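Observations on chain architecture
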Amino acid sequence: MEKKVLIISCAESNALCIARSFGLNNIHTELLFVSDRAGASGLVEKSEIIKNTVQLKKDESVIIDYLVKLGEKELKEWVLFPTDDYCAFVVDNNKQKLQKYFYFSFIEDGSVVEFMDKSIQAKTAKKCGLATANEWIVHTAGNSTVIPENMEFPCFYKPIMSVKDVKSGIRVFKEKDEFDSWIKARKPGEDILIQEFLDIKFEYDLSGVTNGKEVYIPAVIKKDMVSKVVPGVTLAGHLEPVSVLKDELEKIKKFIIESRYVGMFDFELFVTTKGIYFGDYNMRCGAPSYIYELAGFPLPYIASEMICDEGHNIKIGDVICESGYSFYNGYHSVREVIRGNMTVAELQNLERNCDYDIFSSKDDPRPNDIFNAAFRKNIRMKRLEFRVKKFIKRMIGRA
């Protein structure tokens, strides 16, 4: 592929993993890092694979102005590759401006932004035969908020649009009284998605590529450990063959084709005590997809080639992989230890037993070396600092 790749990301871990995937395929890769925090891109700037990094504040107009200027200077030379929902939202929300300058993922005659709506995804999943959690939409109106009589408890809150709220905002409500006080304190005029609480045994995460007519899913990630700091983020997992999905695989492919999406995707399933349920559908790729690359499946590269091909042909090539590749995310795991959600011994166990740390790379060691020097080597001190700050904050709140 002669085109260059511009990764657009709000997350260091995502940006590095995707950049390294392109680096292994000798693709010129640069990064547009989005953050309001000064110097937030410092770690990724040390990557030898990322040829240039520009940091911009989290402002849609600022990001688009930058991209348009780049596109005018280097017309149709770049593939845009967002790695999180906010960046995917910004690109799709301005596709009329950007499509004459860049290549990027899209929905045929539709909108990625609209299909990010979790209630629309649930309806599509149900239509395609996938089991979905019961759900209720509650419109906030302060003390006048009407709560559906058939709502079941426990239940949990999930943002309808993940670009408008963060995963850390997800929460479980065990009792109706707890939910009542929370919902009535929300800003009036919101539509809140409430879902049935599922007793989840474990989760599957599927990364793949689609041209809108065909769907390529090479393997399945079974999540062995999930973040508590950022719900849904995979801390550790391993690959399993797609055959473990049995009849669900064709339903998933039907769902993805129904979305009319062209590009790389991430699809989540919940394996519960009641069966397999639809979890989430993300029209972009995240950090765990790097394990596919290490196993022989260059998904970002395949997706970028397909996007640039006007016929949108999926050029898979010869890829060989054995199931069982195990991994952990050192970046997020260290943060779990600092927050008290994981012990140092548990982290060391991951380091000993997993085949890969997807945040680490022998070919691109500097970001990981800097991160380890700042956090890993001083992890007990960082954990103590966090506990002290948390204690002080709690004391101030009581004052």
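Residues numbered from 1 in each chain as written. Predicted model: local features only at pLDDT ≥ 70, side-chain atom pairs only at ≥ 80, totals over all residues. Heavy atoms only, no water.

Brief notes about the overall build of the protein chain
- What the protein chain contains, in helices and strands, is 14 helices and 18 strands.
- Against the globule reference of 21 Å for 399 residues, the protein chain gives a C-alpha radius of gyration of 21 Å, in line with a compact fold.
- Seen through its principal axes, the protein chain has C-alpha atoms that stretch 60 × 50 × 45 Å.
- Counting all 399 residues of the protein chain, 54% fall into the buried class. (Helix = DSSP H or I, 4+ residues; strand = E, 2+ residues; numbered from the N terminus. Rg over C-alpha atoms; globule rule 2.2 N^0.38 Å. Buried < 20%, exposed > 50% of the residue type's maximum accessible area, 1.4 Å probe, protein only.)

Some details on the sheet that holds strand β5 (residues 102-103)
- Ordered by their spatial adjacency, 5 strands build an open sheet running β3-β2-β1-β4-β5, and the pairing between neighbours is parallel. Strand pairing shows two members of the sheet lacking a second neighbour, β3 (50-56) and β5, which therefore form its edges.
- Direction of pairing for strand β1 (residues 4-9) relative to strand β2 (residues 29-34): parallel, over a ladder of 5 bridges. Of the residues in β2, the one forming a bridge with I8 is L32.
- Here helix α10 (residues 299-308) sits on the sheet in contact with β4 (78-82) and β5, set at roughly 130° to β4. (Pairing = 2+ DSSP bridges. Contact = heavy atoms within 4.5 Å. Axes fitted to C-alpha atoms, helices over the stretch in contact; angles between N-to-C directions.)

Remarks on unusual backbone geometry
- A cis amide bond links F153 to the next residue, P154, at an omega of 0°.
- Mapped onto the secondary structure, P154 falls in the loop between β7 (135-139) and β8 (155-158).
- A positive phi is found at N26, a non-glycine position, where the angle reads about 60°.
- When you line up the elements, N26 lands in the loop between α1 (12-23) and β2.
- You can call N26 exposed: its relative accessible area is 71%.
- Phi is positive for K246, which is not a glycine, with a value near 50°.
- Within the secondary structure layout, K246 lies in the loop between β14 (234-240) and α8 (248-259).

Describing the packing of helix α11 (residues 330-338) against helix α12 (residues 344-353)
- As a packed pair, α11 and α12 sit with axes 9 Å apart at the nearest point and diverge in direction by 165°. What the angle tells us is that α11 and α12 run roughly antiparallel. Crossing hand, α11 versus α12: right-handed. Counted together, S333, V334 and V337 of α11 and V344, L347 and L350 of α12 form the full contact between these two elements.
- Considered class by class, the residues forming the contact of α11 with α12 number 5 nonpolar, 1 polar and no charged. (Parallel < 35°, antiparallel > 145°, perpendicular 65-115°, else oblique. Left-handed = near helix turned anticlockwise from the far one by under 90°. Nonpolar A, V, L, I, M, F, W, Y, C, P; charged D, E, K, R; others polar.)

Digging into the sheet that holds strand β10 (residues 191-196)
- Within the open sheet, the 4 strands sit side by side as β7-β10-β8-β9. Their pairing is antiparallel. Two strands close off the open sheet at either side, each with one partner strand: β7 and β9 (171-173). Along the sheet, successive strands turn relative to each other by an average axial angle of 30°, direction set aside.
- Where β8 and β10 come together, 4 bridges link them in antiparallel fashion. Looking across to β10, one finds that Y157 is bridged to I194.
- The strands touched by helix α7 (residues 176-185) are β7, β8, β9 and β10; relative to β9, the strand with the most contacts, the crossing angle is about 130°.

Observations concerning the nonpolar core
- Counting 59 residues, the largest nonpolar core has I7, F81 and Y292 as the members making the most contacts within it.
- Looking at which element gives the most residues to this core, the answer is α10, with 7 residues.
- Those residues in contact with F81, other than ones at most four positions away along the chain, are V5, L6, I7, I8, I18, F22, M264, C285, P300, A303 and S304.
- Residues V34, L70, M116 and F278 belong to the second largest nonpolar core, which totals 49 residues. (Core = buried A, V, L, I, M, F, W, Y, C linked by side-chain atoms within 4.5 Å.)

Focus: the packing of α11 against helix α13 (residues 366-376)
- For the pair α11 and α13, the least separation of the axes is 11 Å and the interaxial angle reads 5°. Our classification of the angle between α11 and α13 gives roughly parallel. Residues G330, Y331, V334, R335 and I338 of α11 form the contact with α13, whose own contacting residues are F371, F375 and R376.
- Taken together, the residues of the contact of α11 with α13 sort by class into 5 nonpolar, 1 polar and 2 charged.

Details of the pattern of salt bridges
- Summed over all chains, the structure comprises 13 salt bridges.
- Across the pair D85 and R284 runs a salt bridge, and its minimum N-O distance is 3.0 Å. On the criterion of sequence distance, the pair formed by D85 in helix α3 (residues 85-93) and R284 in the loop between β16 (275-282) and α9 (290-294) is long-range, its members being 199 residues apart. Both residues of the pair, D85 and R284, belong to the buried class.
- As a salt-bridge pair, E178 and R171 come within 3.7 Å of each other at their nearest N and O atoms. (Salt bridge = Lys/Arg side-chain N within 4 Å of Asp/Glu carboxyl O.)

Here we look at the packing of aromatic side chains
- For the coordinates displayed, the defined rule picks out 22 aromatic pairs.
- Here the aromatic rings of F115 and Y281 are separated by 6.0 Å at their centres, their planes lie at 90°, and the arrangement is edge-to-face. Linking F115 in helix α5 (residues 112-115) with Y281 in strand β16, this pair joins segments that are 166 residues apart in sequence. A single burial state applies to F115 and to Y281, both of which are buried. (Phe/Tyr/Trp six-rings, centres within 6.5 Å; stacked < 30°, edge-to-face > 60°.)

On their own, these measurements won't tell you what the molecule is for.
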